[in-house]
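# Observations on chain architecture
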Amino acid sequence: MHWSEEIAQRIIDRNPDKEEYVCAAGISPSGSIHIGNFRDIATSYFVVKALRKKGRKAKLLFSWDEFDRLRKVPVNVAKVKEGFEQYIGRPYVDAPDPFGCCESYAKHFQNEFEASIKRFGIDMDYRYQAEQYRSGRYAEYIIHALKHREEIFEILDSFRTQEATEDERKNYYPVGIYCAKCGKDTTKITRLSSDCINAEYSCECGHQGQFDFMHDFDCKLAWKIDWPMRWKVEGVDFEPGGKDHASPTGSYQTSRIIAEKIFGYTAPLFQGYEFIGIKGTTGKMSGSSGLNLTPDTLLKLYDPEIILWLYSKTEPNKAFNFCFDDEILRQYFEFDRMMSAYKEGRADEHIASIMEGALIEGRSCETVPMQLLVSLGSIVDFNIPMLETVFEKIGTPYKYEEFKERLERARFWLEQCSPESVNRLRETRNFEVYDELDENEKLAIKMLFEYISEGGYNLDDLNTELYAIPKRIYGEDMDAKQLKAIQGKFFKNVYKLLIDKEQGPRLYLFLFAVDKDRYVKLLDFSYPRTEEEKAADAAAKEAEIVAEEKAVDPIKDQITIDEFDKVDMRVCKILKAEEIKKSHSCLKLTSDDGLEGRVIVSSIKNDYTPEQLVGKKIIVIANLKPAKFSGVQSNGMLIAASAEECGCKVIFVDDSVPTGTAIH
């Protein structure tokens, strides 16, 4: 049974007679929505599908928490709009669109996300919380929470480790008011009427005002009260959340008690989920601005069905990776294998349920092998007619309509994530490689050139000949292991002569698919270098020298060993990584140095997420004079390499090295 069906059955068992079940998800439009947040939606989406599969009516309710305050300015916003910090404290819906194309900050990121969601075929019932609050829909619940604020405080306090003061109890209010003058939530309630309807407040901007909770609606309940209140209002039966919410002291446990004791509502079934990982380098995609991993970005790399499939086949409490290295090709292969089994009726019940979750109504999912598109696409410069011809020649006559979507994704992956995987034929013969071959290896190249030039072979003939050439040269009775090594070396030599790499597309497919007139001349060494080749080789050498000179800094002035010993470098383990308020580039790293621990501020925010750093061991200059960055004192500096080509790369240490170990 699929995990979503198990959850669906538990929902039904809790309330078997309900007419329509409500599965909820929600996100704050604080910036471009990260693909990790998509798990909130995907988990509820699969449960809704499972409920419907069981013959029940169900809907996916999605809340835009656009009435939350703007807490910080994202990197991509700061790059296009200076001084946007002035809007911190206002609701997202009341901040202007920094990109100038939508009516508000919230609407910009909502439109961006909702457009990508449509590509997954997911139908959601949207709730815009600014609209809900300002319509007065929640007024009675806000007043109810104010009347029970002492009880709410005690519930919240029971989850705290620090003893609450009497002042905290006395001055606690579960609602925040947005100032009528500056529009920010930097307010403090100074008086509340006995019926909890009228209040007076003061704001940091200097304004003092009055507020009527029956008629004034520019206020918002605190998160752990707002969440259970909405469960009751919407009749929510199921809602997932990050694993931090699921912890014994997390938001769900707190809100569950508030829902039951304050609002008289049984909290919905909750499912905590693991966070999403990123595997592999991101090449050009990250650049200097940081990788913006939105669903729209992922759709440039993955079919929407494969994204859904990754979520569907992985239980919510387990992690998985989106891959930017060649592991993505394995994911495509595994998906295609499952999809073929499903379409052909060979899939078992579990596989079938996974694939049903990944299917999108109104779309046909074509499983043209991504590996072939990657391997052969660049060879023919992504020329559509040529690629159709290649597929025809190798016995897989795929047409453009079948592979057009995946071809664009293959091209994007090659160019943006893995440019080193691009296969391009050389313009001239590679004498540098050829001259290093021994006489037998040169003979093998000559025999291949003659065979290709003569033509008249089919795919199987060519494959047989590639293995036969070394046999003819070295003898049929050679030890099998030795012969395999020689054949492998022959293949490497051919690749290097044609595409400057030791491996590439399967050689027999490659040589058969590509028009021989495009490459056969690269195997012909029967005549000396031409003037044109000499000029091309000289230009390539010069370009290499220039690149090396540009990439490598000159050696600094020499120092003595005594001077070097003054630098105290130690292995530290990162225990915690946090963003720093108002800093666009710095992270605060709390680390274990084997002694008292230390805090380091490092400008690597655009290159690493906190999740990528926690638990890693790094090298720190421990005796560097402390300095303040973004208001935080840094006690040391981590060791990293930086270059225009790769960005900033932290030097990580093998986990077996104990913390505190000195680097000599």
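This section reports on the structure supplied with the text. The shown structure was predicted, so the numbers you read here are calculated from the model rather than taken from an experiment.

Rules and cut-offs
Residues numbered from 1 in each chain as written. Predicted model: local features only at pLDDT ≥ 70, side-chain atom pairs only at ≥ 80, totals over all residues. Heavy atoms only, no water. Helix = DSSP H or I, 4+ residues; strand = E, 2+ residues; numbered from the N terminus. Core = buried A, V, L, I, M, F, W, Y, C linked by side-chain atoms within 4.5 Å. Buried < 20%, exposed > 50% of the residue type's maximum accessible area, 1.4 Å probe, protein only. Contact = heavy atoms within 4.5 Å. Phe/Tyr/Trp six-rings, centres within 6.5 Å; stacked < 30°, edge-to-face > 60°. 1 Å grid on protein atoms, 1.4 Å probe; cavity = no way out; pocket = protein on both sides within 12 Å on 5 of 7 lines; lining within 4 Å. Points joined across faces, edges and corners; volume = space filled by probe spheres on them. Nonpolar A, V, L, I, M, F, W, Y, C, P; charged D, E, K, R; others polar. Pairing = 2+ DSSP bridges.

## Digging into unusual backbone geometry
- Backbone geometry at cysteine 196 places phi at a positive 60°, although glycine is not the residue there.
- Tracing the backbone through its elements, the reader meets cysteine 196 in the loop between β5 (187-192) and β6 (198-203).
- For aspartate 500, which is not glycine, the phi dihedral falls at a positive 60°.
- Its place among the elements puts aspartate 500 in the loop between α22 (480-499) and α23 (507-513).

## Comments concerning the nonpolar core
- Counting residues in hydrophobic clusters, the biggest one holds 117 residues, and the most contacted among them are Phe38, Ile41 and Tyr302.
- By residue number, the principal contributor to this core is helix α2 (residues 38-53), which donates nine residues.
- Beyond its immediate sequence surroundings of up to four residues, phenylalanine 38 is in contact with Phe113, Ile117, Phe120, Ile122, Pro295, Ile307, Leu308 and Tyr311.

## Quick look at the packing of aromatic side chains
- Counted by the stated rule, this structure contains 42 aromatic pairs.
- Ring geometry for tyrosine 302 versus phenylalanine 322: centroids 5.4 Å apart, planes at 75°, classification edge-to-face. Taken as a pair, tyrosine 302 in the loop between α12 (295-298) and α13 (304-313) and phenylalanine 322 in strand β12 (residues 321-323) lie far apart in primary sequence, 20 residues in all. Each member of the pair, tyrosine 302 as well as phenylalanine 322, is classed as buried.

## Examining empty space enclosed by the protein
- As enumerated under the stated definition, the model contains three cavities of 30 Å³ or more in all.
- Contributions of two or more residues to the lining of the second largest cavity are made by α4 (105-118) and α12.
- It is α4 that contributes the most residues to the lining of the second largest cavity, three residues altogether.
- Across the lining of the second largest cavity, the residue classes tally to three nonpolar, three polar and two charged.

## Some words on the pairing of β5
- In terms of strand pairing, β5 meets β6 through five bridges, oriented antiparallel. In the strand pairing of β6, lysine 188 is matched with serine 202.
- Hairpin remark: β5 followed by β6, antiparallel, with five residues in the connecting loop; positive phi at cysteine 196, about 60°.

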